[in-house]
Amino acid sequence: MSVMDSILAYNKQFVKNKEYERYETTKFPDKKMVILTCMDTRLLELLPRAMDLNNGDAKIIKNAGAIISDPFGNTMRSIIVALYELQADEVAVIGHYGCGMTGLKSEPIIEKALEQGMDPSSLDDLNYAGVDVEKWLQGFEDVEENVRNSVDIIRRHPFLPANTPVHGLAISPETGELTVVEKAE
Ligand SMILES: [Zn+2]
């Protein structure tokens, strides 16, 4: 059975047994917080457990590295929507130690893409279209520095409601311990 087949089989039972009942909540976060964190698998349950976040408590946005690469990109828009339309009033960026985006370089990814059949001319096309593929696929050098950078972009954003606390933290993917990198007053 494929992974998706077993997920679908499990899902039928989940719904049938009404296991969803204990997760019932609304789309508005009870703790009024929007969190940007990393997609790392180790954080899937560890982060909410380590922060005492239950279903309905927070808006959680995830991407590779908790990075905001563009102040007007999708991640920043999600934060703004959470603040204006979904009753969040506080922001936390939570990177983590041992992040896969640390030291990530674009070259190996481009090489693998070419090996797996990407048309080499598409790189020229992207270059011609002004897409900086190298930059797009690049990670960061230091987790805490990346958190500070993301916090900075949010704090300076013209759409950020005045007096919105924006915090920056780093979590251990082993123990769940939080390190405060930037705390709003
Ligand atoms: Zn990560």
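Thresholds applied
- Residues numbered from 1 in each chain as written.
- Predicted model: local features only at pLDDT ≥ 70, side-chain atom pairs only at ≥ 80, totals over all residues.
- Heavy atoms only, no water.
- Helix = DSSP H or I, 4+ residues; strand = E, 2+ residues; numbered from the N terminus.
- Buried < 20%, exposed > 50% of the residue type's maximum accessible area, 1.4 Å probe, protein only.
- Contact = heavy atoms within 4.5 Å.
- Areas by Shrake-Rupley, 256 points an atom, 1.4 Å probe, with all protein chains shown as cover.
- Lys, Arg positive; Asp, Glu negative; His and termini not counted.
- Charge placed at Lys NZ, Arg CZ, Asp CG, Glu CD.
- Donors = N, O, S within 2.8 Å, 3.2 Å for Na, K, Ca; no water.
- Domains from an automatic or database assignment.
- Phe/Tyr/Trp six-rings, centres within 6.5 Å; stacked < 30°, edge-to-face > 60°.

(A) How the structure looks around the overall build of the protein. What the protein contains, in helices and strands, is seven helices and five strands. Its helices and strands taken in sequence order, the protein reads α-β-α-β-α-β-α-α-α-α-β-β from the N to the C terminus. For the protein, the C-alpha atoms occupy an extent of roughly 50 × 50 × 35 Å along the three principal directions. With 185 residues in all, the protein has 35% of them scored as buried. Intrachain contacts of the protein at a sequence separation of at least 6 include 74% that bridge at least 24 residues. Only carbon and sulfur atoms are counted for the fraction: they give 53% of the accessible area of the protein, which is about 11,900 Å². When the 19 basic and 30 acidic side-chain charges of the protein are each reduced to a single mean position, those positions are 8 Å apart.

(B) Molecular detail of the coordination of the zinc ion. Here the zinc ion is held by Cys38 (SG), His96 (NE2) and Cys99 (SG), and the distances to it run 2.0 to 2.3 Å. Each donor residue of the zinc ion lies on one chain, and together they are spaced C-x57-H-x2-C. Of this pair, Cys38 sits in strand β1 (residues 33-38) while His96 is found in strand β3 (residues 90-96), placing the two residues 58 residues apart along the sequence. Since its relative accessible area comes to 4%, Cys38 is described here as buried. For His96, a relative accessible area of 1% translates into the label buried.

(C) Molecular detail of the domain arrangement of the protein. Along its sequence, the protein is organised into domain 1 (22-101 + 141-185) and domain 2 (105-138). Once you take the C-alpha centre of each, domain 1 and domain 2 turn out to be 29 Å apart.

(D) Structural detail: the packing of aromatic side chains. All told, the structure shown has two aromatic pairs when counted by the stated rule. Ring plane angle 25 degrees and centroid distance 6.5 Å describe the contact between Phe14 and Tyr23, whose orientation is recorded as stacked. Under the relative-accessibility criterion, Tyr23 is labelled partly exposed at 36%.

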